[in-house]
Amino acid sequence: MLRITFYGRLAEVMGRERMTPAASAATVGALIENLANEDAEFKAALAGTRVRFAVNNMIAPETQKVKDGDEVAVLPPFSGG
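Residues numbered from 1 in each chain as written. Predicted model: local features only at pLDDT ≥ 70, side-chain atom pairs only at ≥ 80, totals over all residues. Heavy atoms only, no water.

Participant: Can you lay out the pairing of strand E3 (residues 52-55) for me, pointing to particular residues and giving the numbers?
Facilitator: Direction of pairing for E3 relative to strand E5 (residues 71-75): antiparallel, over a ladder of four bridges. Residue pairing across strands places Ala54 opposite Ala73, the latter belonging to E5. With antiparallel pairing between neighbouring strands as the criterion, E3 and strand E4 (residues 58-60) make up a hairpin whose turn holds two residues, including Asn56 at a positive phi of roughly 55°. (Pairing = 2+ DSSP bridges. Helix = DSSP H or I, 4+ residues; strand = E, 2+ residues; numbered from the N terminus.)

Spelled out as structure tokens, the structure:
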């Protein structure tokens, strides 16, 4: 089972920190696109921001393949020092 973890503002937008998507996807980008198409508020939160992703605790590009058992973290822009 694929799991998604949202951090910061994105967790607030989604109303939860974790979820298991109903549909499977081959890549991080496809997974996020599916979620954005299902949730207009999430799609709006992604617009114009530099969201990053991690797969199994390793920063990953949107082209990273995902499989059953992976955890995908959706990371909002960080600031501070």
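The discussion continues.
Participant: Provide a residue-level description of the packing of aromatic side chains, including the pertinent values.
Facilitator: Tallied over the full model, the rule gives one aromatic pair. Seen in terms of ring centroids, Phe6 and Phe42 are 5.7 Å apart; in terms of plane orientation they differ by 75°. Their pairing is edge-to-face. Residue Phe6 is found in strand E1 (residues 3-6), and its partner Phe42 is found in helix H3 (residues 40-46); the two are separated by 36 residues along the sequence. (Phe/Tyr/Trp six-rings, centres within 6.5 Å; stacked < 30°, edge-to-face > 60°.)

Participant: An account of the nonpolar core is needed here, citing residue identities and associated values.
Facilitator: If you look at the biggest cluster of nonpolar residues, it comprises 24 residues, and the most contacted ones within it are Phe6, Leu10, Ile32, Phe42 and Val74. Elements that contribute at least two residues to this core include exactly E1, helix H1 (9-14), helix H2 (28-38), H3, E3 and E5. Residue contributions to this core peak at five residues, all from H2. Residues within four places of Phe6 in sequence aside, it is in contact with Ala11, Met14, Arg16, Glu17, Met19, Leu35, Phe42 and Val74. (Core = buried A, V, L, I, M, F, W, Y, C linked by side-chain atoms within 4.5 Å. Buried < 20%, exposed > 50% of the residue type's maximum accessible area, 1.4 Å probe, protein only. Contact = heavy atoms within 4.5 Å.)

Participant: Describe the environment of Thr20, and please don't skip the residues or the numbers.
Facilitator: The residue Thr20 is located in the loop between strand E2 (18-19) and H2 in this model. You can call Thr20 partly exposed: its relative accessible area is 42%. Considered as a pair, Thr20 and Met1 are 19 residues apart in the sequence and their alpha carbons are 7.2 Å apart. In this structure, Thr20 is in contact with Met1, Leu2 and Arg3, ignoring residues within four places of it in sequence.

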